[in-house]
Amino acid sequence: MSEAREILRLAVRLARAAGRIQRERYETAIQIGTKTAPIDLVTEVDHACEQLIVDTLARERPGDAVLAEEGRGGDSGRATWRWVIDPLDGTVNYAHGYPRFCVSIGVEQRDERAVGVVYDPLLDELYSAVRGAGATRNGRRIRVSDETEIGRSLLATGFSYDVRGSAQDNLDHFARMVKSARAVRRDGSAALDLCYVASGRLDGYWELKLHPWDVAAGFLIVEEAGGRVSDLRGGPPQRSGRETVATNGRIHDALLSRLSKSG
Ligand code: IPD
Ligand code: CA
Ligand code: CA
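These remarks concern the structure in this document. (Residues numbered from 1 in each chain as written. Chains lettered and ligands numbered in written order. Predicted model: local features only at pLDDT ≥ 70, side-chain atom pairs only at ≥ 80, totals over all residues. Heavy atoms only, no water.)

1. A look at the packing of aromatic side chains
Working step 1: Per the counting criterion, the structure on display carries 4 aromatic pairs.
Working step 2: Ring centres 5.9 Å apart and planes at 50 degrees place the aromatic pair Tyr26 and Tyr94 in the tilted group. You can see Tyr26 sitting in the loop between helix H1 (3-25) and strand E1 (32-34) and its partner Tyr94 sitting in helix H3 (residues 91-96), a full 68 residues away along the chain.
Working step 3: An angle of 85 degrees between the planes, with centres 5.4 Å apart, marks the rings of Phe159 and Phe174 as edge-to-face. Of this pair, Phe159 sits in the loop between strand E10 (154-156) and helix H4 (171-180) while Phe174 sits in helix H4; the two residues are 15 residues apart in sequence, bridging distant segments of the chain.
Working step 4: With a relative accessible area of 17%, Phe159 lands in the buried category.
Working step 5: Taking the relative accessible area as the measure of exposure, Phe174 reaches 23% and is therefore partly exposed.
Working step 6: Through a chain of ring-to-ring contacts, three or more aromatic side chains come together here, namely Tyr26, Tyr94 and Phe101. (Phe/Tyr/Trp six-rings, centres within 6.5 Å; stacked < 30°, edge-to-face > 60°. Helix = DSSP H or I, 4+ residues; strand = E, 2+ residues; numbered from the N terminus. Buried < 20%, exposed > 50% of the residue type's maximum accessible area, 1.4 Å probe, protein only.)

Below, the structure is given as structure tokens:
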């Protein structure tokens, strides 16, 4: 078995294990704190999931680098493989009992996206991709949609936790797209939004000021499902997640031009 396939197996095992924790503690009394802003939450479940994933990686893949949202990662500097982990994407949803959240695990080989796994524990939907081998949901190949018209497209977006105080708040883009698309959703999990583009449930998605752990798995899953990912000007996708546009490819340029001021 190739090393990427072995890593996929481990990533799937870890995503399912973290997803089990999320399912078991869903709608129970959990501790909730804040991070960068009063609306930026972190729960004991974010920490428990991250601990489980990072501890297992330390045992089973001690030479690999790890970037994990809540800070448990470590980087030897010379690692070939780098795990980029969002232990619970959709924390605000989780804290409110709103049933849309997931675990996201992306793995890069020498800075290239190699493996991506996103697991929604309530729907028991596991999305995965290996570079060059396509993308799947629960083992079945997924493809982006065929839609060519923005006016018939279902889109999604999101807003960063500095939305109350920042001028770059995505609200002008949102207003413009509400008037252009069939509908625009804001459902609170960037990693699942990307997987929904990959599987054709959404035709496109954009967001500003995401982080590497939000997009590390989802970018590869969209690409391997035949979609396109870029920054706001159509340039290469940003691993930082600062500018993210992901579509079925067919509506990509139209979405970019509408998102730009002149569009
Ligand atoms: C957030 C979610 C949300 C997006 C935010 C992210 P978190 O991640 O993905 O959909 O709009 O920008 O920060 O905090 O739940 O892991
Ligand atoms: Ca996230
Ligand atoms: Ca998170």
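2. Some words on the layout of surface pockets
Working step 1: One number sums up the size of the largest pocket: a volume of about 710 Å³.
Working step 2: The wall of the largest pocket is formed by 37 residues, among which Phe159, Ser160, Tyr161, Glu207 and Asp214 lie closest to the centre.
Working step 3: Counting residues per element, the ones that place at least two in the lining of the largest pocket are strand E4 (81-89), H3, helix H5 (190-198) and helix H6 (212-224).
Working step 4: When grouped by side-chain class, the residues that make up the lining of the largest pocket number 11 nonpolar, 11 polar and 15 charged. (1 Å grid on protein atoms, 1.4 Å probe; cavity = no way out; pocket = protein on both sides within 12 Å on 5 of 7 lines; lining within 4 Å. Points joined across faces, edges and corners; volume = space filled by probe spheres on them. Nonpolar A, V, L, I, M, F, W, Y, C, P; charged D, E, K, R; others polar.)

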